[in-house]
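Chain by chain, the residues:
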Amino acid sequence: MKYFYLDISALLVMLILFIVIYFKRMFRGDINRYFLLLLCVSILTTSADIWAIMLDNGDITGGLMSRYLSHSLYLFMHSATTPVFILYCSAITDSWVTGKNKFVKKAIFWLPLSVIYVMLLLNATLHNMFYIDEAGKYVRGPVFIAFYIIAVIYIVYGLLKVFSCWHIFDLGRWLALFSGIGFMVIAMVVQFFYPGLRVEMFAGALALLFMLMMVQKPEEMIDIETGLLTLTAFKNLMFRSEKRNKLKKIIVFSATNYQKTHAKYTYEQEIVLGRGIAQIMNSYTELFKERADVYHLGSGRFAIVVKADEPSVNVVKVAKQLNEILDKPFTLENSEAHFEPNTCVIQFPKDIPDADTLVHFIEDLSSNGKTDGIVFARDIFKQERYDILTEIDDILEDAIKNKKFKVYYQPIYSVDEKCFRTAEALIRLYDDKYGFIPPSLFIPAAERSGAILRIGEIVLEQVCEFISSEEYKKLGLHYIEVNLSVVQCMDDGMVGNIMEMFDKYHIRTTDINLEITETAVSDSQEIMDRNINNLFNEGVCFSLDDFGTGYSNMHRIASLPLSIIKIDKSIVDDAGKASMQIVIENTVKMIKALGMKIVVEGVETERQLNQFISLRCDYIQGYYFSKPLPKEDFVTFLLDKAS
Ligand code: C2E
Ligand code: CA
Ligand code: CA
C-alpha cells in the first residue's frame, strides 16, 4: 500500500509557491527562472506520483498502459530534479560551465540523465527498471538502483559546486541550500527503504519553500512596482561576477534630471513612468541572443545586464538606440516626461575593478550631467575619485579630528554701491594623500554619514571667529553668506547651536546670512520650516541658493522668509542664448516683485556682468571678480580694492 497524502500536501505547498512567484513577478534573472523550472519539474513529478499511486491502489481505474505511463512519467520528471537543482545552484553562484569545450562539458553534465532516459525508454520492452507483475503489483526491476546512483552523482556534484563557491554565500544562503539538500537526501533514504511512505516530494516542497524565503528573498530581489530586479539583486550579481571574474556588459540609463522631475510627480505617476521605462528597456533585451536582464536601481537609474559570454551581442548599438528613444519627451497615461539621460556602457569587471566601486560609479553618473549620445566607463572612470569615495568616511573623520577644514571666502560685488559688501564662505579640505578634495565629492558623503553636522559647526565657528576679529571690521562688509545643508536644516538642535555660536563670539544675527538650496526646501518639512522661522524671528536672514536648478515651486518659495535669491551659474551660462533672454528677464522681475534681492552666481565674463547689471540685479559673484580665497588673501584682496 502506498500513501499519497504527503504528495497531496507537497502539491499544495508547491502551488502556493507558484502563486507567490506569479504575484511577486519573480520571473527575471537566471536565479528566478531556474527556481521556477525547479518548481515546475517538482509539481509534475508530484502529480505523476499521485497519478501512479492512485492507479496502483486502484483508487482510479486504468489499463496497464496508463500504469506504465504514470510510473515512467514520475521517474522521468523525478530524475530531472537534481540536475535542475544544480542549474539553480549554478545560477546562484554564477558558475555554469565556462571556458573552452563548453559543448563537451555540457554534454558530460547531461550524460547521466540521458542514460536514465534511455533506460526508461527501453524499460517498455526490457522491464528491467520496473514492471507490473501478473497480480497487478508494481515491482522495482534489477536496474532500478541506477536511478538512485545517478541522483547521488548529481547531488555530490551539486554539493561540490556549492562548496567551491563558499566565499560568495552568507550564512542564511548556506543554511538554506544545505538544509535543502539535506532534506532531500534524508527523504530519499527513507523512501528507498519504505517506498510506500512517499516523503520525498514533501521534503522537496519544504526545501523549495525554505529556499524561496532565504535565497530568493522576493522582497529584496524584485521591485514589485516595475517587476524588474532590484539594486540588491544587481549588487549580488556583480559581487559574484567580481569574485569569479566573469565578464558582464552593462548599459546604465540614468535620468540626470531625476531630482528635478521627481518632485513634480505623484507617487502613482512615478510608478506609471517607472513601468514605462521598464517596458522600453525590456523590449530591448529581446534583441540579445544571450540572456539579458533589466534592473531598476532606484533614483531614476536602470540597467541592462548582458552576459558577455558570446561576442554576438552588440551592446553599443543597443545602448545608442535606447539613449535616442529615452532622450525624447514621452507621455504615459497623462504624465509627461522628458529625461536628460546619461547612458553609459560598462564592461565589468574589466573597466571597473570591484562591485562596490561599480555601484558608486553608477550612483555618481548623474552628477556628470546629460550625455550627448552614450559614454563608456573605460573613458570616464577615474580610479582616484572612487578611492576617495571608498575612504571618505575615514578621511572626513580624520579631517574633523585634525582640524583640516579651512573656510575660503569669495567676494560678492554690490552693483549699487560699486564695491564688495559681502562674501560667501566655502569650505575646503586638503588631504595629505589626495590633495584638495572638492566639496561636491565630500559634502554628499558627509550628509549621508551625518558628519555634515560637525562640519557645519566647524564652518560656522571659523566664520564667527573671523567676523569677531579686528581685521574683519576694517573690510566694510555687511554680512557673510554661510551654506547650510538640508541635513542641518532637519536637525532639532540647529537653532540652539547657531545661537550659541553667535553668543560665544559676540556677533549679531545680522552678521550672517544662511544659504539653503532650492532642492532642500522644495518639500515642506515641519522641522525645517520651524528651524528656518525660529532663526528668522531671531533676526537671521536667508538666501535661496542654486535658484533655477530645481523644480521651482514659487508658491513655496514665496512662503519662506527669504531675503535673497541666488541665480545659479547654469542660468548665467544660458543667458547668452536669445531664447533665454525673456525667461531670465521675467524671472528677475518676479523675484523683485516678491521684494527679494538677487545675487547672480558664476559670472565669469564682462559680457555676463554687463548683462546682469543692465537687468538691475543687486549682487554679482564669480570668477570675474575673484575665486574663493583663503582668509588672509581675501582680506588683502578687499583692502587692495578699497585703496
Ligand atoms: P554653491 O553654494 O553653489 O557654491 C558656489 C560654487 O561655485 C563654489 O564651488 C564656487 O567656488 C563656485 N564658483 C563661484 N564662482 C564661480 C565661477 O565664476 N565659475 C565657476 N565655474 N564656479 C564658480 P565650491 O566651493 O566647489 O562648492 C561647491 C558646493 O559645495 C557649493 O555650491 C555648496 O553647495 C557646497 N559647499 C561649499 N561649502 C560648503 C559648506 O561650508 N557647507 C555646505 N553645507 N555646503 C558647502
Ligand atoms: Ca552657496
Ligand atoms: Ca549656488
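Predicted, not measured: the structure shown is a model, and the values here were computed from it. (Residues numbered from 1 in each chain as written. Chains lettered and ligands numbered in written order. Predicted model: local features only at pLDDT ≥ 70, side-chain atom pairs only at ≥ 80, totals over all residues. Heavy atoms only, no water.)

Student: Can you break down the overall build of the protein chain residue by residue, with the values?
Tutor: The helix and strand tally for the protein chain stands at 27 helices and 19 strands. Radius of gyration (C-alpha) of the protein chain: 34 Å, far over the 26 Å computed for a compact globule of 643 residues. Viewed in the frame of its principal axes, the protein chain has a C-alpha envelope of about 120 × 50 × 45 Å. Looking at the protein chain as a whole, 52% of its 643 residues are labelled buried. Surface accessibility of the protein chain: about 30500 Å² in total, with carbon and sulfur atoms responsible for 59%. Charged side chains of the protein chain number 65 positive and 77 negative; the gap between the two group centres comes to 6 Å. (Helix = DSSP H or I, 4+ residues; strand = E, 2+ residues; numbered from the N terminus. Rg over C-alpha atoms; globule rule 2.2 N^0.38 Å. Buried < 20%, exposed > 50% of the residue type's maximum accessible area, 1.4 Å probe, protein only. Areas by Shrake-Rupley, 256 points an atom, 1.4 Å probe, with all protein chains shown as cover. Lys, Arg positive; Asp, Glu negative; His and termini not counted. Charge placed at Lys NZ, Arg CZ, Asp CG, Glu CD.)

Student: With reference to specific residues and values, describe the layout of surface pockets.
Tutor: In this model, the second largest pocket occupies a volume close to 680 Å³. In this structure, the second largest pocket is lined by 37 residues; those nearest its centre are D30, A91, D94, R291 and K307. Elements represented by at least two residues in the lining of the second largest pocket include exactly helix 2 (29-57), helix 3 (64-93), helix 4 (102-126), helix 7 (200-216), helix 9 (231-244), strand 4 (292-298) and strand 5 (301-307). Residues of the lining of the second largest pocket, tallied by class, amount to 15 nonpolar, 6 polar and 16 charged. (1 Å grid on protein atoms, 1.4 Å probe; cavity = no way out; pocket = protein on both sides within 12 Å on 5 of 7 lines; lining within 4 Å. Points joined across faces, edges and corners; volume = space filled by probe spheres on them. Nonpolar A, V, L, I, M, F, W, Y, C, P; charged D, E, K, R; others polar.)

Student: Any details on the site of ligand 1? Residues and values, ideally.
Tutor: Close contacts around ligand 1 come from 21 residues, with Q410, R428, D545, E604 and Y623 the closest. At 3.0 Å from a nitrogen atom of ligand 1 is found a side-chain nitrogen or oxygen belonging to Q410. Between an oxygen atom of ligand 1 and a side-chain N or O atom of E424, the distance comes to 3.2 Å. Elements that contribute at least two residues to the shell around ligand 1 include exactly strand 11 (419-431), helix 16 (439-449) and strand 15 (541-547). The biggest single contributor to the shell around ligand 1 is strand 11, with 4 residues. Class assignment for the residues of the shell around ligand 1 results in 9 nonpolar, 5 polar and 7 charged. (Near = heavy atom within 4 Å. Polar contact = N/O pair within 3.5 Å; in protein donor to acceptor, adjacent residues only side chain to side chain.)

Student: Before we move on, can you summarise the environment of L594 with the specific residues and values?
Tutor: Within the fold, L594 resides in the loop between helix 25 (578-593) and strand 17 (597-600). L594 sits in the partly exposed class, given a relative accessible area of 38%. Here L594 is in contact with M554 and A558, once residues within four sequence places are set aside. (Contact = heavy atoms within 4.5 Å.)

Student: How would you sum up the coordination of the calcium ion (ligand 3)? Please name residues and give values.
Tutor: Protein-derived coordination of the calcium ion (ligand 3) comes from D545 (OD), D546 (OD), E601 (OE) and E601 (OE), at a distance range of 2.2 to 2.7 Å. Sequence spacing of the donors to the calcium ion (ligand 3): D-D-x54-E. In this structure, the calcium ion (ligand 3) lies 4.0 Å away from the calcium ion (ligand 2), the two metals sharing D545 as a donor. A residue pair is termed long-range when its members are at least 10 positions apart, and D545 in strand 15 and E601 in the loop between strand 17 and helix 26 (606-614) qualify at 56 residues. An identical accessibility class is assigned to D545 and E601; each is buried. (Donors = N, O, S within 2.8 Å, 3.2 Å for Na, K, Ca; no water.)

Student: I'd like a description of the packing of aromatic side chains, backed by residues and values.
Tutor: All chains considered together, the criterion is met by 32 aromatic pairs. Taking the centre distance of 5.2 Å and the plane angle of 90° together, the rings of Y22 and F23 count as edge-to-face. Between F253 and F339 the ring centres are 6.0 Å apart and the planes differ by 85°, which places this aromatic pair in the edge-to-face class. Within this pair, whereas F253 is found in strand 3 (residues 248-255), its partner F339 is found in the loop between strand 7 (335-337) and strand 8 (341-348), the two being separated by 86 residues in sequence. Neither residue differs from the other here; F253 and F339 are each classed as buried. Linked through ring pairs, F144, F147, Y148, F192 and F193 together constitute an aromatic cluster. Taking the ring centre of Y408 as reference, the NZ or CZ of R428 above it sits at 5.6 Å. Here the guanidinium or amino end of K627 rests over the ring plane of Y623, the centre of that ring lying 4.9 Å away. (Phe/Tyr/Trp six-rings, centres within 6.5 Å; stacked < 30°, edge-to-face > 60°. Lys NZ or Arg CZ within 6 Å of the ring centre and 35° of its normal.)

Student: Now, about empty space enclosed by the protein: what can you tell me, with residues and values included?
Tutor: One pass over the full model with this rule turns up 4 cavities of 30 Å³ or more. Roughly 240 Å³ of internal volume is contained in the largest cavity. Around the largest cavity, the lining is made up of 18 residues, and of these L38, T81, T82, F85 and M184 lie nearest the centre. Listed by contribution, the elements that provide at least two residues to the lining of the largest cavity are helix 2, helix 3, helix 5 (144-164), helix 6 (171-193) and helix 7. At 5 residues, the largest contribution of residues to the lining of the largest cavity is made by helix 7. Of the residues belonging to the lining of the largest cavity, the class tally is 12 nonpolar, 6 polar and no charged. Considering only enclosed or pocket space, the second largest cavity measures out at about 40 Å³ in volume. Ranked by residues supplied to the lining of the second largest cavity, first place goes to helix 3 with 4 residues. A class-by-class count of the residues in the lining of the second largest cavity yields 4 nonpolar, 4 polar and no charged.

Student: Report on the pairing of strand 10 (residues 405-414), specifying residues and quantitative values.
Tutor: Within strand 10, 9 of the 10 residues are buried, which leaves the element mostly enclosed by the surrounding structure. Examined bridge by bridge, strand 10 and strand 11 share 10 bridges and lie antiparallel to one another. Across the sheet, residue Y409 finds its bridge partner in strand 11, namely A425. Between strand 10 and strand 11, which pair antiparallel and follow one another directly, the connecting turn spans 4 residues, one of which, K418, has a positive phi of 55°. (Pairing = 2+ DSSP bridges.)

Student: Explain the sheet that holds strand 5 to me, and be specific about the residues and the numbers.
Tutor: The sheet built from 5 strands is open, its strands ordered 4-5-3-8-9 with mixed pairing. What marks the edges here is a single partner per strand, and that holds for strand 4 and strand 9 (374-376). The mean angle between the axes of side-by-side strands here comes to 20°, regardless of whether they run parallel or antiparallel. Across the face of the sheet, helix 9 comes into contact with strand 3, strand 4, strand 5 and strand 8 while running at roughly 120° to strand 4. (Axes fitted to C-alpha atoms, helices over the stretch in contact; angles between N-to-C directions.)

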